[in-house]
Amino acid sequence: MTEPSVRAAPGNDLPPPRVRLAALDTLWFQVAGTVCNLACNHCFISCSPTNRTHEMMSLAEVEGYLVEAVELGVKEYYFTGGEPFLNPAMEAILEATLAVGPANVLTNGLLLDSERCARLRALQDASEYSLDLRVSLDGFDAASNDPIRGEGSFERVLNGVRNLLAAGLNPVLTVTEVHGVSGTEAGKAKFFDLLRGLGADKPRLKVLPVFQIGSEAERGGAYESWQKLRAGEVADDGWEHLQCSSCRMVTDRGVWVCPILVNEPEGKMGETLSDTLGSYPLEHPACWTCHVYGVSCKT
Ligand code: SF4
Ligand code: SF4
């Protein structure tokens, strides 16, 4: 990752800028809470088999928010965790969601056996809306991936991708810049080759920067004090590139501003979606990463 050029001026004590919600287009669900069958050492929300900061959401909880979301004009839905397919209600949740809009699932791919992939394909075929799967990987091979995501995870992830492709679902491979090469042209070409080798005619890839919070703060280092946004660095109406101008995140504990700050107490905005339609101060250092790298967690 190249060193960004944006630095707050020394002595700049201005308050953080605020981003307004232009429209609630995208709704995220922390549907598996913070429970995961992996414990990746770069996970910015420190998910693991034992992290119960957020619990799994029930079908009834999700359906309640879907009703409110439709009334507010939400256009698409994202599901993450933890690992979404650890939630026993996940397929029922997707069926309910696909009745009202497009659905996207961010998964580590470990629970994508051929039977589940066939059921996911059937859910997609039964809906007028799209179902998109994002599968996470952090290296071109086991030697670069497994030290981050866990021993044996590379082969298990590839198996899940193979099963999706065999079912006619073309996933988006999602990689983070832990090695600093994934987003280069050569790095992308290697991931495309990997996907083609698994049977993808039209390989799809998304590269994300690391957020230096959660487990990643211990692995790669935490933010430094200068990595903060200040009022005046960007025009007040210049924050539309940030996903918090068009999204909110629902967990079992209420509604958070975005998918990145779900483990940060200051990220919570309310209990219902209607509570969270106001503006939000960009004072967390992760907001600096979003702005400098132009991050969107959307596909
Ligand atoms: S990065 Fe994803 S797969 Fe890894 S521990 Fe976090 S939620 Fe689980
Ligand atoms: S972390 Fe990113 S998406 Fe979340 S509030 Fe900050 S700028 Fe917005």
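Placed above this text is the structure.
These numbers come from a predicted model, not from an experiment.

Attention now moves to the pairing of strand 2 (residues 26-30). Looking down a regular strand, the side chains alternate between one sheet face and the other. Within strand 2, five of the five residues are buried, leaving the element largely enclosed by the surrounding structure. Pairing of strand 2 with strand 3 (residues 76-80) involves five bridges; the strand directions are parallel. Looking at strand 3, one finds that Thr26 is bridged to Glu76. A crossover connection joins strand 2 to the parallel strand 3 through helix 1 (residues 59-72); in handedness this β-α-β unit is right-handed. As judged from the four bridges shared by strand 2 and strand 8 (residues 247-251), these two strands associate in the parallel manner. Each bridged residue has a counterpart across the sheet, and for Leu27 the counterpart in strand 8 is Arg248.

Contact geometry of helix 5 (residues 153-166) with helix 6 (residues 185-198) gives a least axis separation of 9 Å together with a crossing angle of 60°. Taken together, helix 5 and helix 6 sit at an angle that is classed as oblique. In this structure, helix 5 crosses over helix 6, and the sense of that crossing is right-handed. Residues Phe154, Leu158, Val161, Arg162 and Leu165 of helix 5 form the contact with helix 6, whose participating residues are Leu194, Leu195 and Leu198. Looking at the contact of helix 5 with helix 6 residue by residue, the class counts come to seven nonpolar, no polar and one charged.

Once that is clear, we can look at helix 2 (residues 90-98). When you tally the buried positions in helix 2, you get seven out of nine residues, the bulk of the element. Among the residues of helix 2, Met90, Glu91, Ile93, Leu94, Ala96, Thr97 and Leu98 are the ones counted as buried. Here the buried face of helix 2 lies against helix 1, strand 3, strand 4 (103-107), helix 3 (114-125) and strand 5 (131-136).

Reading the values: rules and limits
- Residues numbered from 1 in each chain as written.
- Chains lettered and ligands numbered in written order.
- Predicted model: local features only at pLDDT ≥ 70, side-chain atom pairs only at ≥ 80, totals over all residues.
- Heavy atoms only, no water.
- Buried < 20%, exposed > 50% of the residue type's maximum accessible area, 1.4 Å probe, protein only.
- Helix = DSSP H or I, 4+ residues; strand = E, 2+ residues; numbered from the N terminus.
- Pairing = 2+ DSSP bridges.
- Right-handed = clockwise from strand over helix to strand, strands pointing away.
- Axes fitted to C-alpha atoms, helices over the stretch in contact; angles between N-to-C directions.
- Parallel < 35°, antiparallel > 145°, perpendicular 65-115°, else oblique.
- Left-handed = near helix turned anticlockwise from the far one by under 90°.
- Contact = heavy atoms within 4.5 Å.
- Nonpolar A, V, L, I, M, F, W, Y, C, P; charged D, E, K, R; others polar.

Interpretation note: all reported values are geometric properties and have no functional meaning in isolation.
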